Amino acid sequence: MDRRGDGTAAREQGVANGIASTALNIGNAIGLAVFTVLADLGTGGRTGEALRAATAHGQSVVVLLTAAGMVVGLLVTLALPRAAAPAPAAGEPSLPEPVASP
């Protein structure tokens, strides 16, 4: 049974999904703007090879920051307590057993 919508009334599922999608997109836009600014730091007034080197350095810093953020997110996810799966209610079918492949 899919339980991702628990706690939200059936008539509000569409609104909840819209809010979650909007929040995700706004977060992505803000993150992209911040990383763009970070990547462009130190490029002011440079031209030619110096500009290319400064841009490459800024982009590598952004890639490293992104990787660090992903590792922190993974560690936080692994540290969060997990809720036990609720037992099926009386009369509710349980999940079928997987079928072995031939």
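Everything numeric here is computed off the predicted structure, so don't read it as measured data.

Chemist: Please provide a residue-by-residue account of helix α1 (residues 13-40), values included.
Modeler: Taking 1.5 Å per residue, 28 residues should reach 40 Å; α1 reaches 41 Å between its end C-alpha atoms and fits that length. Once α1 finishes, G42 follows within two positions and takes phi at roughly 85°, a positive value.

Chemist: Give me helix α2 (residues 48-79): which residues, what numbers.
Modeler: Here α2 contains 32 residues, and its C-alpha end-to-end distance of 47 Å stays within 8% of the 46 Å for a straight helix at 1.5 Å per residue. All of the buried residues in α2 are A54, G58 and V62.

Chemist: Give a detailed account of the packing of α1 against α2, specifying residues and quantitative values.
Modeler: When two helices pack together, you describe them by how their axes are tilted relative to each other and by the distance separating the axes. Running from N to C, α1 and α2 point in directions that differ by 140°, and their axes come no closer than 7 Å. Taken together, the axes of α1 and α2 lie oblique to each other. Remark: the crossing between α1 and α2 carries right-handed chirality. Seen from α1, the contacting residues are F35, L38 and A39; seen from α2, they are A54, G58, Q59, V62, L65 and T66. Considered class by class, the residues forming the contact of α1 with α2 number six nonpolar, three polar and no charged.

Chemist: Which residues make up the pattern of salt bridges, and what values go with them?
Modeler: Overall, the coordinates contain two salt bridges when judged by the stated rule. Two residues, R52 and E49, come together in a salt bridge whose shortest N-O distance is 3.4 Å. Remark: E49 and R52 occur in helix α2; sequence separation between them is three residues, near one turn of the helix. For the residue pair R52 and E49, the accessibility class agrees, reading exposed in each case.

Cut-offs applied
Residues numbered from 1 in each chain as written. Predicted model: local features only at pLDDT ≥ 70, side-chain atom pairs only at ≥ 80, totals over all residues. Heavy atoms only, no water. Helix = DSSP H or I, 4+ residues; strand = E, 2+ residues; numbered from the N terminus. Expected span 1.5 Å × (residues − 1). Buried < 20%, exposed > 50% of the residue type's maximum accessible area, 1.4 Å probe, protein only. Axes fitted to C-alpha atoms, helices over the stretch in contact; angles between N-to-C directions. Parallel < 35°, antiparallel > 145°, perpendicular 65-115°, else oblique. Left-handed = near helix turned anticlockwise from the far one by under 90°. Contact = heavy atoms within 4.5 Å. Nonpolar A, V, L, I, M, F, W, Y, C, P; charged D, E, K, R; others polar. Salt bridge = Lys/Arg side-chain N within 4 Å of Asp/Glu carboxyl O.

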